[in-house]
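Here are the chains, one letter per residue:
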Amino acid sequence: MINLVGNISNYLSKDKLKGNEMELRRQLALLSGKLKMHLTMEDQSLYPRLMESDNTALRDLSKKYNSEMGHIKGEFENYMSAWPSYKAIEESPDRFISETKAIFEVLGARIAKEDKELYPLADLSGAQGN
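So, a few notes on the structure that sits alongside this text.

Quick notes on the rules
Residues numbered from 1 in each chain as written. Predicted model: local features only at pLDDT ≥ 70, side-chain atom pairs only at ≥ 80, totals over all residues. Heavy atoms only, no water. Helix = DSSP H or I, 4+ residues; strand = E, 2+ residues; numbered from the N terminus. Buried < 20%, exposed > 50% of the residue type's maximum accessible area, 1.4 Å probe, protein only. Contact = heavy atoms within 4.5 Å. Phe/Tyr/Trp six-rings, centres within 6.5 Å; stacked < 30°, edge-to-face > 60°. Axes fitted to C-alpha atoms, helices over the stretch in contact; angles between N-to-C directions. Parallel < 35°, antiparallel > 145°, perpendicular 65-115°, else oblique. Left-handed = near helix turned anticlockwise from the far one by under 90°. Nonpolar A, V, L, I, M, F, W, Y, C, P; charged D, E, K, R; others polar. Core = buried A, V, L, I, M, F, W, Y, C linked by side-chain atoms within 4.5 Å.

Quick notes on the side chain of Ser62
Positionally, Ser62 belongs in helix H4 (residues 56–82). We classify Ser62 as buried; its relative accessible area is 0%. Once you skip the residues sitting within four places of it in the chain, Ser62 turns out to touch Tyr47, Leu50, Met51 and Leu118.

Printed below as a string of structure tokens:
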């Protein structure tokens, strides 16, 4: 998933975007599919298990993160709906670049937050492996 974000990010200037809209839209579709699989795994497996932890801090943080993820998921779905085809990207390249950078910033911040706060606490509790 990170590789796809990197590949897409390489196109986020008007010069690089021009003529590559179809490939870029294909990569966005791949990213969307991978992100949906990742979120489904978290919703159905990771977060329910962490929310059952004996560690109150981990349980509370997991509930908070799970709730926040619904908002981020909605933002990403709205973003994808705004760019249904490569033609949409061709018609509004500046807006596409701006919105893509913004959604990638949201996703990146979330990943960093999980890596810094949630996963280390889960590792300490032994909750991820249970």
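Quick look at the packing of aromatic side chains
For the structure on display, the rule yields two aromatic pairs. Ring plane angle 35° and centroid distance 5.9 Å describe the contact between Phe76 and Tyr79, whose orientation is recorded as tilted. With Phe76 and Tyr79 both in helix H4, this residue pair falls three residues apart, about one helical turn. An identical accessibility class is assigned to Phe76 and Tyr79; each is buried. Pairing Trp83 with Phe96 gives two aromatic rings, centres 5.1 Å apart and planes at 85°, and the pair type is edge-to-face. Pair noted here: Trp83 is in the loop between H4 and helix H5 (86–91) and Phe96 is in helix H6 (residues 93–125), with a separation of 13 residues, a long-range link. The exposure class of Phe96 is buried, given its relative accessible area of 0%.

Concerning the packing of helix H1 (residues 2–9) against helix H3 (residues 21–50)
At a minimum axis separation of 10 Å, H1 and H3 run at an interaxial angle of 155°. Between H1 and H3, the crossing angle belongs to the class labelled roughly antiparallel. Classified by chirality, the crossing of H3 by H1 is left-handed. Across from Leu4, Val5, Asn7 and Ile8 in H1, the residues of H3 making contact are Leu24, Gln27, Leu28, Leu30, Leu31 and Lys34. When the residues that make up the contact of H1 with H3 are grouped by side-chain class, the tally is seven nonpolar, two polar and one charged.

Examining the nonpolar core
Judged by nonpolar contacts, the single largest core of 23 residues is most densely connected at Leu28, Phe76, Tyr79 and Phe96. For this core, the elements supplying multiple residues, two or more each, are H1, H3, H4, H5 and H6. What Phe96 contacts, discounting residues up to four positions off in sequence, is Leu12, Leu17, Leu24, Leu28, Tyr79, Trp83 and Ile89. The next biggest cluster of nonpolar side chains, apart from the first, holds ten residues, and it includes Leu46, Leu61, Leu118 and Ala122.

Digging into the side chain of Gln27
Its place among the elements puts Gln27 in helix H3. Leave out the neighbours within four places in its chain, and Gln27 touches Leu4, Asn7, Ile8 and Tyr11.

By themselves, these figures tell us nothing about what the structure is for.
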